[in-house]
Amino acid sequence: MLRNVFRWGRGKGVSQCSCDPEWQGLYTEIDGRRQLALPRDEMATIVGYLDLTAHCAGCDAEYPKPWGLASK
């Protein structure tokens, strides 16, 4: 299976999720608190503005695709 090898504007390697199935849940940290993140078709504006990263809730791998914050 081919995997995405691009990182939008970061210039660092993509980490692979080791969970089965992959990417079971996503989170980001804002002000030291975990916030729920969700995959999206396009990167949410606030994510780029704040330079946030999303991680797998299971293995902590950095999510390489577009995502946004889940609404409360």
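Residues numbered from 1 in each chain as written. Predicted model: local features only at pLDDT ≥ 70, side-chain atom pairs only at ≥ 80, totals over all residues. Heavy atoms only, no water.

In terms of regular secondary structure, the protein is built from one helix and four strands. Each helix and strand of the protein, ordered N terminal to C terminal, gives the series β-β-α-β-β. Looking at the 72 residues of the protein, the share that counts as buried comes to 33%. Taken as a whole, the protein presents about 5200 Å² of accessible surface, with 50% of it coming from carbon and sulfur. (Helix = DSSP H or I, 4+ residues; strand = E, 2+ residues; numbered from the N terminus. Buried < 20%, exposed > 50% of the residue type's maximum accessible area, 1.4 Å probe, protein only. Areas by Shrake-Rupley, 256 points an atom, 1.4 Å probe, with all protein chains shown as cover.)

Applying the stated rule across the entire model yields one aromatic pair. Where Trp23 meets Tyr63, the ring centres are 5.0 Å apart and the plane angle is 80 degrees; that geometry is what we call edge-to-face. Of the two residues, Trp23 is situated in the segment before β1 (26–30) and Tyr63 in the loop between β3 (55–56) and β4 (67–69); the sequence distance between them amounts to 40 residues. Taking the ring centre of Tyr27 as reference, the NZ or CZ of Arg34 above it sits at 3.7 Å. (Phe/Tyr/Trp six-rings, centres within 6.5 Å; stacked < 30°, edge-to-face > 60°. Lys NZ or Arg CZ within 6 Å of the ring centre and 35° of its normal.)

Moving on, we get to the sheet that holds strand β2 (residues 33–39). Read across the sheet, four strands follow the order β3-β1-β2-β4 without closing on themselves; strand pairing throughout is antiparallel. The open sheet is flanked by β3 and β4, the only strands paired with a single partner. Where β2 lies against β4, three bridges are found, and the strand directions are antiparallel. The residue bridging Leu38 from the neighbouring strand is Gly68, located in β4. (Pairing = 2+ DSSP bridges.)

The next subject is the environment of Leu26. Within the secondary structure layout, Leu26 lies in strand β1. Separated by 27 residues in sequence, Leu26 and Thr53 place their C-alpha atoms 9.9 Å apart. Once you skip the residues sitting within four places of it in the chain, Leu26 turns out to touch Gln35, Leu36, Ala37, Leu38, Pro39, His55, Cys56, Ala57 and Tyr63. (Contact = heavy atoms within 4.5 Å.)

Let us look at the nonpolar core. Generally speaking, soluble globular proteins have nonpolar side chains that are buried together. The biggest cluster of nonpolar side chains holds eight residues, and these are Leu26, Ala37, Ala44, Val47, Leu52, Ala54, Tyr63 and Trp67. Here Trp67 is in contact with Thr28, Ala37, Leu38, Pro39, Arg40, Glu42, Met43, Ala44, Val47, Leu52, Thr53 and Ala54, once residues within four sequence places are set aside. (Core = buried A, V, L, I, M, F, W, Y, C linked by side-chain atoms within 4.5 Å.)

Further remarks concern the confidence of the model for the protein. It should be kept in mind that the predicted coordinates are not to be read in detail where pLDDT is low. Model confidence for the protein is summarised by a mean pLDDT of 81, while 78% of its residues fall at 70 or above. Mean pLDDT across the elements of the protein ranges from a minimum in helix α1 (residues 45–50), with 82, to a maximum in β3, with 96. pLDDT under 50 marks residues 1–11. Its contacts with residues more than four places away, or in other chains, come to 23 contacts. (pLDDT = per-residue confidence, 0-100.)

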